[in-house]
Amino acid sequence: QVQLVESGGGLVQPGGSLRLSCAASGNIFRVNAMGWYRQAPGKQRELVAAITRGGSTNYADSVKGRFTISRDNAKNTVYLQMNSLKPEDTAVYYCNADLLNWGNRWGQGTQVTVSS
């Protein structure tokens, strides 16, 4: 079995920063693309940022210049550094990974709340 375990969510004031982590564990041969999605109450899940195994990235327009996605292939881990957070960034953030032999997998989600 494999799993994605997220950490780093929480409550932060507007303008603050958080760093999310997501580690893939289990009988993993290779992790291809990884990404972060988010879902706010009453809204559809949306892509926040994604990164290929080689390090190419793409971002939602709403987070460009504020969020940075990175990964450590040796640790099968992806990170999301979130700066200049806004109340509209409040959502449950989900890690996603494309795992060789296992397909596409989701983490359990971590709550990010931006509020004063």
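Refer to the preceding data block for the structure.
Here the structure is a predicted model, which means the values were calculated and not measured. (Residues numbered from 1 in each chain as written. Predicted model: local features only at pLDDT ≥ 70, side-chain atom pairs only at ≥ 80, totals over all residues. Heavy atoms only, no water.)

### A word on the packing of aromatic side chains
Taken as a whole and judged by the stated rule, the model has two aromatic pairs. For the ring pair Y37 and W106, a centre distance of 5.0 Å and an interplane angle of 65 degrees mean the geometry is edge-to-face. Of the two residues, Y37 sits in strand β4 (residues 31–39) while W106 sits in strand β10 (residues 103–106), which places them 69 residues apart along the sequence. Note on Y94 and W106: the rings are 6.5 Å apart at their centroids and 90 degrees apart in plane angle, and the pair reads as edge-to-face. Of this pair, Y94 sits in strand β9 (residues 91–99) while W106 sits in strand β10; the two residues are twelve residues apart in sequence, bridging distant segments of the chain. Residue W106 is classed as partly exposed on the basis of its relative accessible area, which comes to 39%. A connected cluster of aromatic rings, assembled from ring pairs, spans Y37, Y94 and W106. Positioned above the aromatic ring of Y94, the side-chain terminus of R45 is 3.7 Å from the ring centre. Over the ring of W106 we find R45; its NZ or CZ atom is 4.6 Å from the centre of that ring. (Phe/Tyr/Trp six-rings, centres within 6.5 Å; stacked < 30°, edge-to-face > 60°. Helix = DSSP H or I, 4+ residues; strand = E, 2+ residues; numbered from the N terminus. Buried < 20%, exposed > 50% of the residue type's maximum accessible area, 1.4 Å probe, protein only. Lys NZ or Arg CZ within 6 Å of the ring centre and 35° of its normal.)

### Some details on the sheet that holds strand β1 (residues 2–7)
Read across the open sheet, the four strands follow the order β1-β3-β8-β7; overall the sheet is antiparallel. Of all the strands in the sheet, just β1 and β7 (67–72) have a single pairing partner and so form its edges. The mean angle between the axes of side-by-side strands here comes to 15 degrees, regardless of whether they run parallel or antiparallel. Judged from the six bridges that link them, β1 and strand β3 (residues 18–26) form a sheet pairing that is antiparallel. (Pairing = 2+ DSSP bridges. Axes fitted to C-alpha atoms, helices over the stretch in contact; angles between N-to-C directions.)

### As for the environment of S84
Locating S84 in the fold gives a position in the loop between β8 (77–82) and β9. For S84, a relative accessible area of 39% gives the class partly exposed. Put simply, S84 and L11 are 73 residues apart on the chain and 14 Å apart in space, counted from C-alpha to C-alpha.

### Describing the pattern of salt bridges
Applying the stated criterion across every chain yields a total of four salt bridges. In this structure, E46 engages R38 in a salt bridge whose closest nitrogen and oxygen atoms are separated by 2.7 Å. When its relative accessible area of 36% is taken as the criterion, E46 is described as partly exposed. A relative accessible area of 7% means that R38 is categorised as buried. In this structure, the salt-bridge partner of R38 is D89, at a minimum N-O distance of 3.0 Å. (Salt bridge = Lys/Arg side-chain N within 4 Å of Asp/Glu carboxyl O.)

None of the figures reported here should be taken as evidence of function without further support.
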